[in-house]
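If you want the building blocks of each chain, they are given just below.
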Amino acid sequence: MIDIRAAGPMEQFEIVPIVPLSFGSFDISFTNSSLWMLIGTGAIILFFFAATRRTGLIPGRVQSMAEVLYEFVSDLVRDTIGAEGRKFFPYVFTLFIWILIANIFGLLPTIPGMPHELHTFTPTSHLIVTLALAMLTITIVIVYGFWKNGLGFLKLFWPSGLPWPMYALIPAIEVISFLSRPISLAVRLFANMFAGHIILKLFAGFVVSLLSAGGAVMVFGLAPFLGAIAVTMLEFLVAALQAYVFAVLTCIYLSDAAHAGDH
Amino acid sequence: MLAAENIAVSKAIGQCAIQIVARPGAATRRAHDYLCISNGYTSNCSLDAAMRRLYGPRDFTEVRASFRTCFRAKLMGDTIDKDGAGKEEPPSLDEFSDRLDRMRGSPEPENPRGSGAAWGHAMRVSSELLAGLFVGALLGLGLDRWLGTQPLFLLAGIGLGFAAGLRNLMRSANEGSGHSSEDG
């Protein structure tokens, strides 16, 4: 009998330091999270290096993939922000690809027998990572909004053409609505990845515990096994979708910043 | 006026066109993209060139015209004359360009992201409301702590936060009908 045991569903989110480092009182250790961010970033760089190394008029497979991604994001940016969105394309593209790869690499199976430091890890399943990305987006929105529109950016909180008593409430609501943007951006991505991975590990855990029970009970392991397969497929969809949603919302907020003075 | 360009384009496009004829289904759309950008970008048709198609001047028709001429010239074995216009119109090529037009459909797809966008929309709606409520409550709590007015700002914050959440929802619902949704 092989030794099968299920790890807890939360174990996958544990941060394990690989190279302990500290800066003053801050812990800036190189962790498994950093490692998987690095792996993702490295893979993206390699992919686009391979895609653009030998470009042809008739694209090869890798070049086609890169171009599909490129055109997808560039259509998105153009449709949402308009012509002046062009300068944000590198940012949105980087964001989209990075989140996509971080999400998808988190779904890779861990190689059995690896030490915990090298277990598959999803950087986007930690709120602090997604919050950092959301804050970066909102910072760009605010800085660009003021740079482009000056104080006209504040019109975002002061919509024109309302009956005057409404101005007692509407600016407060608009400010809260604006402040909720980075929160909803960060929490949505984090919660989707977090919840998805927990469900995945729970199903897988059922399979393991039913199999280790032995005997006729093992047959019941089939149901959670099929469930785990279904959830894995769903998670791939969610991984792509969340990267897409993050990119769309980034574009929409940037579009607000770009056009705040227009109305 | 396009003659010099045409010669350059035709060299590159010759291959492309043959590719289309050989595998019409798979290659047409892709090849068309390249035809659109290959106007002046014949040697290095890389990702940067795609940018030209998306953001550059809309010179579709001109390039298409030049493509047809070149293609004709290529097939007929002609050299391209000064004004770059082929005289003959073999029926097979008309049929080909009709097919090309049919496959390409309308030049500007209405909603390229279709169901993906709808999915993304559904995903967003769920969290917009909660985020507004959360931020409102948090602001209220913070103000209460600061000013020592315990339940007052929290209640106001929850109310305003709920309103802000609804505002978020309405905004994201409006975004389906174009990006200039801020007039809602």
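The rules we used
Residues numbered from 1 in each chain as written. Chains lettered and ligands numbered in written order. Predicted model: local features only at pLDDT ≥ 70, side-chain atom pairs only at ≥ 80, totals over all residues. Helix = DSSP H or I, 4+ residues; strand = E, 2+ residues; numbered from the N terminus. Buried ≥ 20, exposed ≤ 12 C-beta atoms within 10 Å, placed from the backbone. Contact = placed C-beta atoms within 7 Å. Core = buried A, V, L, I, M, F, W, Y, C linked by C-beta atoms within 7 Å. Expected span 1.5 Å × (residues − 1). pLDDT = per-residue confidence, 0-100. Axes fitted to C-alpha atoms, helices over the stretch in contact; angles between N-to-C directions. Parallel < 35°, antiparallel > 145°, perpendicular 65-115°, else oblique. Left-handed = near helix turned anticlockwise from the far one by under 90°. Nonpolar A, V, L, I, M, F, W, Y, C, P; charged D, E, K, R; others polar.

1. A short note on the overall build of chain A
Secondary structure assignment for chain A yields six helices and four strands. If you list the helices and strands of chain A from N to C, you get β-β-β-β-α-α-α-α-α-α. Buried positions account for 35% of the 263 residues belonging to chain A. Considering only contacts in chain A between residues 6 or more positions apart, those separated by 24 or more positions represent 67%.

2. Points about the overall build of chain B
Secondary structure assignment for chain B yields seven helices and zero strands. For chain B, the α and β elements follow one another from N to C terminus as α-α-α-α-α-α-α. For chain B, buried positions account for 30% of its 184 residues. Taking the contacts inside chain B whose residues are at least 6 apart along the sequence as the reference set, 58% of them involve residues at least 24 apart.

3. Re the nonpolar core
Counting 63 residues, the largest nonpolar core has Val92(A), Phe96(A), Phe246(A), Ala247(A) and Cys251(A) as its most contacted members. Going through the elements one at a time, helix H2 (61-81), helix H3 (89-105), helix H4 (127-149), helix H5 (170-213) and helix H6 (222-259) of chain A together with helix H6 (114-147) and helix H7 (152-174) of chain B are the ones with two or more residues in this core. It is H6(A) that contributes the most residues to this core, 15 residues altogether. Setting aside anything within four residues of it in sequence, one finds Cys251(A) in contact with Leu76(A), Val77(A), Thr80(A), Ile81(A), Gly85(A) and Val92(A).

4. Quick word on H3(A)
Residue and element names in this part refer to chain A. With 17 residues, H3 ought to run about 24 Å at 1.5 Å a step, and its terminal C-alpha atoms sit 24 Å apart, in line with that. All buried positions along H3 are accounted for by Phe 89, Val 92, Leu 95, Phe 96, Ile 97, Ile 99, Leu 100, Ile 101, Ala 102 and Asn 103. On its buried face, H3 is in contact with helix H1 (32-53), H2, H4, H5 and H6.

5. Describing the environment of Phe121(A)
Checked against the element boundaries, Phe121(A) lands in the loop between H3 and H4. Here Phe121(A) is in contact with Asn32(A), Ser33(A), Trp36(A) and Gly106(A), once residues within four sequence places are set aside.

6. Here's the deal with the environment of Leu133(B)
Tracing the backbone through its elements, the reader meets Leu133(B) in helix H6. On a C-alpha basis, the gap between Leu133(B) and Gly161(B) in space is 4.1 Å, while along the polypeptide they are 28 residues apart.

7. Here we look at the confidence of the model for chain B
Interpretation of this model should avoid reading the predicted coordinates in detail wherever pLDDT is low. Residue and element names in this part refer to chain B. With 38% of its residues at a pLDDT of at least 70, chain B reaches an overall mean of 62. When pLDDT is averaged over each helix and strand of chain B, the minimum, 47, is found for helix H2 (residues 24-37) and the maximum, 86, for H7. pLDDT under 50 marks residues 15-48. Its contacts with residues more than four places away, or in other chains, come to 60 contacts. Confidence estimates for the predicted assembly give a pTM of 0.69 and an ipTM of 0.70.

8. Quick notes on the packing of H2(A) against H3(A)
Two numbers describe a pair of packed helices, the interaxial angle and the distance between the axes. Residues and elements named next belong to chain A. Contact geometry for H2 and H3: axes closest at 10 Å, N-to-C directions at 125°. Between H2 and H3, the angle is such that the two are oblique. For the pair H2 and H3, the crossing hand works out as right-handed. Two secondary-structure elements touch here, H2 through Leu 69, Val 73, Ser 74 and Val 77 and H3 through Phe 89, Val 92, Phe 93, Phe 96 and Ile 97. Across the contact of H2 with H3, the residue classes tally to eight nonpolar, one polar and no charged.

9. Some details on the packing of H4(A) against H6(A)
Residue and element names in this part refer to chain A. Where H4 contacts H6, the two axes come as close as 8 Å, and the packing angle between them is 20°. Accordingly, the angle class assigned to the pair H4 and H6 is roughly parallel. Classified by chirality, the crossing of H6 by H4 is right-handed. Contact with H4, carried on its side by Thr 137, Val 141, Tyr 144, Gly 145 and Lys 148, involves Thr 250, Tyr 253, Leu 254, Ala 257 and Ala 258 of H6 and no other residues of that element.

10. Observations concerning the environment of Gln63(A)
All names here are of chain A. Note on placement: Gln 63 falls in helix H2. Note on Gln 63: 20 C-beta atoms within 10 Å, which makes it buried. Between the C-alpha atoms of Gln 63 and Phe 48, which are 15 residues apart in sequence, the distance is 8.2 Å. Residues within four places of Gln 63 in sequence aside, it is in contact with Ala 51, Thr 55 and Gly 56.

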